[in-house]
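If you want the building blocks of each chain, they are given just below.
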Amino acid sequence: MTTDLTRLTIHELTGAYRRREATPTRATEEYLARIERLDEQLGAYLTVTNDRALGAAAAADGRYRDGAPLGPLDGVPLAYKDVLCTQGVATTCGSKILEPFVPPYDATVVARLGVAGAVMLGKANMDEFAMGSSTEHSAFKLTRNPWDLTRVPGGSSGGSAAAVAGDLAVASLGTDTGGSVRQPAAFCGVVGVKPTYGRVSRYGLVAFASSLDQVGCLTRDVRDAALLLHAIAGVDPHDATSVDEAVPDYAALLAGGVKGLKLGVPREYFGEGLDPEVEAAVRAAIARLRDLGATVQEISLPTTDYGLAVYYIVAPVEASSNLARYDGVKYGLRAAGGKDLIDMESRTRAAGFGAEVKRRIMLGTYALSAGYYDAYYGRAQKVRTLVRRDFDAAFAHVDLLVAPTTPSVAFKHGDKADPLAMYLNDVFTVPGSLAGLPALSLRCGFNAAGLPIGLQLIGRPFDEARLLRCAYAYEQATDWRSRRPSLETTR
Ligand code: GLN
């Protein structure tokens, strides 16, 4: 009989269900008890949906009892980033302006996981409107990194990553606009997959930058990532940017190995500013992949240097437009005491948005204003095309790119109070986002202080299967997975 269900992966847990060694209700109860005991220090959750979770678990119990589980996610307890709409459950986006918002519908990804029998444990903390790299911009609470409570979990999906690393959920959903699944995955030592733009529906994902936003998975291992991605991927009539491409059975395709796989190492990702311990771990991982049969060649992505500049125009521009809807009229917060409509609106937005969100709205509005549009937004879009062409050129020669996910390991709370220092964290994740490419981060070692280091793989559009296969081969050949953070000394 398994004793500690909160340590298992998705596939281990459902294996235990099928062998009748555990039930979804028991697993859910163990998770809820652990959240109750530990989330005060971790701060991974904004809302815990106890009753709903136990109800879904009881339904799954019945299906396993009858020998008819719905599939590989039936009865699996998950956390969802609070940017995903959940019917009847508060969806705040980490913002005061949406604090009173209770969506009347589920995001497509949430609905699909519901149909697959997954159990929602609750909603995970995040940087306000997904703007940030540390989850310090949440209007509600700080999230701590399970490996070192004085450090950030990364962001903006920091709650989702900390929940998985701290064993407060088997797996979770996050969103990635410029790195927000991969970067917290790297900081918390979990697997993070950001799919190709269009692979997964954005319906019910509260918009930040619509041409970049994509839902992704945070999991304990690569097989779990394959299972979870498979469940959420695919065209959705509610999202015109979702693409009608067949969704492969990712889990069935994991085992092919890397023999003959052509890996490209982008020279520009190993320059100044890269922490030497991160570089050493990533280079060792690349050597390991070569030993496993991949061929490795250096390539160049000359526009890498422009990635951040382009992203920090395009994303704020789209954000300023998307966030115009929070006007105190339709939903969310409404500030009292307004003299007229305009006054009410500006009071609402002044009270409801935090500093980082206001900064982005101002930046975006400025870049879109008459006289500046061509110089900033138009120019940024042109350079975005060049960034994409760099990747196209690289993928003419190689199958996947291998690089660090982040320039450093998790930093301490308060260390990046300067917004520009915070933005620099996204230097290796943003170019792939601008090009809409699928990318993944997985653990490839630890620094001397015991903090996890992330290896990033970037693939061709809709080539998630190869990305996962390469990650799986590396994971199977190494034993980084065996180390775990110690949130409690006795469990
Ligand atoms: N850190 C980046 C930003 O602040 C990326 C955020 C994201 O991917 N949601 O915009």
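Predicted model only: the values in this text are computed from it and were never measured. (Residues numbered from 1 in each chain as written. Predicted model: local features only at pLDDT ≥ 70, side-chain atom pairs only at ≥ 80, totals over all residues. Heavy atoms only, no water.)

Brief notes about the overall build of the protein chain
Using the following cut-off: Under the scheme used here, helices are H or I runs from DSSP no shorter than 4 residues and strands are E runs no shorter than 2 residues, and both carry numbers assigned from the N terminus. Every radius of gyration here is taken over C-alpha atoms, with the globule rule written as 2.2 Å times N^0.38, N being the number of residues. Burial classification: accessible surface area is computed with a 1.4 Å probe over protein chains only, and a residue below 20% of its type maximum counts as buried, one above 50% as exposed, and the rest as partly exposed. Two residues qualify as a contact provided that any one of their heavy atoms is within 4.5 Å of a heavy atom in the partner residue. Only the protein chains shown count as covering a residue, and every accessible area follows the Shrake-Rupley method with a 1.4 Å probe. Residues counted as positive are Lys and Arg, residues counted as negative are Asp and Glu, and His and the chain ends are not counted. The location of each charge is read from NZ of Lys, CZ of Arg, CG of Asp or CD of Glu.
Scanning the protein chain for helices and strands turns up 15 helices and 11 strands. Compactness check: the protein chain gives a C-alpha radius of gyration of 21 Å against a globular reference of 23 Å for 491 residues, within 12% of the reference. Principal-axis analysis of the C-alpha atoms gives the protein chain an extent of 65 × 55 × 45 Å. Taken across its 491 residues, the protein chain has 60% of its residues classed as buried. Sequence-distant contacts in the protein chain: of pairs separated by 6 or more residues, those separated by 24 or more amount to 76%. Just so you have it, the protein chain exposes about 17,900 Å², and 53% of that area is on carbon and sulfur atoms. One way to put it: in the protein chain the 53 positive side-chain charges average out to a point 1 Å from where the 55 negative ones average out.

Structural notes on helix H1 (residues 10-18)
Here H1 has its buried residues at Ile10, Leu13, Thr14, Gly15, Ala16 and Tyr17. The secondary structure elements touched by the buried residues of H1 are helix H2 (24-42), helix H3 (50-65), strand E2 (77-81), strand E4 (171-176) and helix H7 (222-232). In the segment just after H1, Arg20 is the residue with positive phi, at about 65°.

Some remarks on the sheet that holds strand E3 (residues 119-124)
Using the following cut-off: Only when DSSP finds a minimum of two bridges between them are two strands counted as paired. The axes used here are C-alpha line fits, helices contributing only the stretch in contact, and every angle between their N-to-C directions lies in the interval 0 to 180 degrees.
Pairing within the open sheet is mixed, and its 11 strands lie in the order E1-E3-E2-E4-E6-E5-E10-E11-E9-E7-E8. Two strands lie at the open edges of the sheet, namely strand E1 (45-48) and strand E8 (295-299), each paired on one side alone. Taken pair by pair, the neighbouring strands of this sheet meet at an average axis angle of 30°, ignoring direction. The pairing of E2 with E3 spans 5 bridges and is parallel. The residue of E3 that forms the bridge with Ala79 is Gly122. Strands E1 and E3 of the sheet are contacted by H3, whose axis makes an angle of about 155° with E3. Against the sheet, helix H8 (residues 276-291) contacts strand E7 (262-266), E8, strand E9 (400-404), strand E10 (439-446) and strand E11 (452-459), and its axis sits at roughly 55° relative to E11.

Considering the site of the ligand
This is how the line gets drawn: One heavy atom within 4 Å of a molecule or strand makes the whole residue count as near it. In the analysis that follows, any N or O atom pair within 3.5 Å is treated as a polar contact, provided that within protein one partner can donate a hydrogen and the other can accept it, and provided that, for residues neighboring in sequence, both atoms belong to side chains. Three classes are used, and their members are as follows: Ala, Val, Leu, Ile, Met, Phe, Trp, Tyr, Cys and Pro are nonpolar, Asp, Glu, Lys and Arg are charged, and the others, Gly among them, are polar. Residue ranges for the domains trace back to a domain assignment, done automatically or taken from a database.
Taken together, 15 residues form the shell around the ligand, and within it Thr177, Gly178, Ser180, Tyr311 and Arg360 come nearest. Between the ligand and the protein, one listed contact pairs an oxygen atom with a side-chain N or O atom of Ser180 at 2.7 Å. Across the shell around the ligand, the residue classes break down as 5 nonpolar, 7 polar and 3 charged. Here the shell around the ligand spans two domains, and each of domain 1 (7-268 + 279-300 + 392-482) and domain 2 (304-384) adds at least three residues to it.

So, the nonpolar core
Formally: In this description, a nonpolar core means a group of buried Ala, Val, Leu, Ile, Met, Phe, Trp, Tyr and Cys residues linked to one another through side-chain atoms lying within 4.5 Å.
Counting 155 residues, the largest nonpolar core has Leu84, Phe129, Leu173, Phe391 and Leu468 as the members making the most contacts within it. The element contributing the most residues to this core is helix H9 (residues 307-322), with 9 residues. Shared between two domains, this core holds at least three residues of each, these being domain 1 (7-268 + 279-300 + 392-482) and domain 2 (304-384).

Topic: the pattern of salt bridges
If the charged atoms of two oppositely charged side chains come close together, the side chains can form a pair. Selection rule: Salt bridges are defined by distance alone: a side-chain nitrogen of Lys or Arg within 4 Å of a carboxyl oxygen of Asp or Glu.
A complete count under the given rule lists 22 salt bridges for this structure. A salt bridge links Arg7 to Asp4; its shortest N-O distance comes to 3.9 Å. Each of Asp399, Arg460, Asp463 and Arg466 takes part in one network of salt bridges that share partners.

Topic: the side chain of Thr108
Here Thr108 lies in helix H4 (residues 108-115). Residue Thr108 is classed as buried on the basis of its relative accessible area of 8%. When sequence neighbours within four positions are dropped, the list of residues in contact with Thr108 reads Ser201, Tyr203, Asp236 and His238.

Concerning the domain arrangement of the protein chain
Cut-off, in case you're wondering: Buried area is calculated as the accessible area (1.4 Å probe) missing from two parts once they are joined, with the contributions of both summed.
Here the domain parsing of the protein chain yields domain 1 (7-268 + 279-300 + 392-482) and domain 2 (304-384). For domain 1 and domain 2, the distance between their C-alpha centroids amounts to 27 Å. Taken together, the 29 residues of domain 1 in the interface contact 28 residues of domain 2. Across the domain 1/domain 2 interface, buried area totals approximately 2,600 Å², and carbon plus sulfur atoms make up 68% of it. The largest contributions to the domain 1 side of the interface with domain 2 come from Ile97, Tyr423 and Leu434, which together make up 28% of the buried area. Our enumeration of links across domain 1 and domain 2 arrives at 0 salt bridges. At the boundary of domain 1 with domain 2, the tally comes to 13 residue pairs in polar contact (both at pLDDT 80 or more). Looking at the side of domain 1 that touches domain 2, the elements with two or more residues in it are helix H13 (419-424) and helix H14 (430-434). For the side of domain 1 that touches domain 2, the class distribution of residues is 17 nonpolar, 8 polar and 4 charged.

With respect to the environment of Pro276
Within the fold, Pro276 resides in helix H8. Judged by relative accessible area, which is 64%, Pro276 ranks as exposed. For the pair Pro276 and Lys412, spaced 136 residues apart in sequence, the C-alpha separation works out to 18 Å.

Here's the deal with the packing of H4 against H7
Relative orientation and spacing of two packed helices are given, respectively, by the angle between their axes and the distance between those axes. Spelled out, the test is: If an angle is under 35 degrees, it is roughly parallel; if it is over 145, roughly antiparallel; if it lies from 65 to 115, roughly perpendicular; otherwise it is oblique.
H7 packs onto H4 with a crossing angle of 110° between their chain directions and a minimal axis gap of 8 Å. Accordingly, the angle class assigned to the pair H4 and H7 is roughly perpendicular. Facing Val109, Arg112 and Leu113 of H4, the residues of H7 in contact are Leu228, Ala231 and Ile232. Looking at the contact of H4 with H7 residue by residue, the class counts come to 5 nonpolar, no polar and 1 charged.

Some remarks on a nonpolar patch on the surface
Filter applied, for reference: Two distance rules govern patches: like charges are joined within 9 Å, and nonpolar side chains (Val, Leu, Ile, Met, Phe, Trp, Tyr) within 5 Å, applied only to residues with over 30% relative accessible area and no salt bridge.
On the surface, Val329, Leu341 and Ile342 cluster together to form a nonpolar patch covering roughly 300 Å² of accessible area. Tracing the chain through its elements places Ile342 in helix H10 (residues 341-352). A residue is classified by how much of its surface remains accessible, and Ile342, at 63% relative accessible area, is exposed.

Points about the environment of Cys444
Summarising the element assignment, Cys444 is placed in strand E10. Cys444 sits 37 residues away from Arg481 along the chain, and the two C-alpha atoms are 9.1 Å apart.

What about unusual backbone geometry?
The amide bond that connects Gly155 to the next residue, Ser156, takes the cis arrangement and shows omega of 5°. Note on placement: Ser156 falls in the loop between E3 and helix H5 (158-165). For Asp167, which is not a glycine, the phi torsion comes out positive at approximately 60°. Secondary-structure assignment places Asp167 in the loop between H5 and E4. For Asp167, a relative accessible area of 5% gives the class buried.

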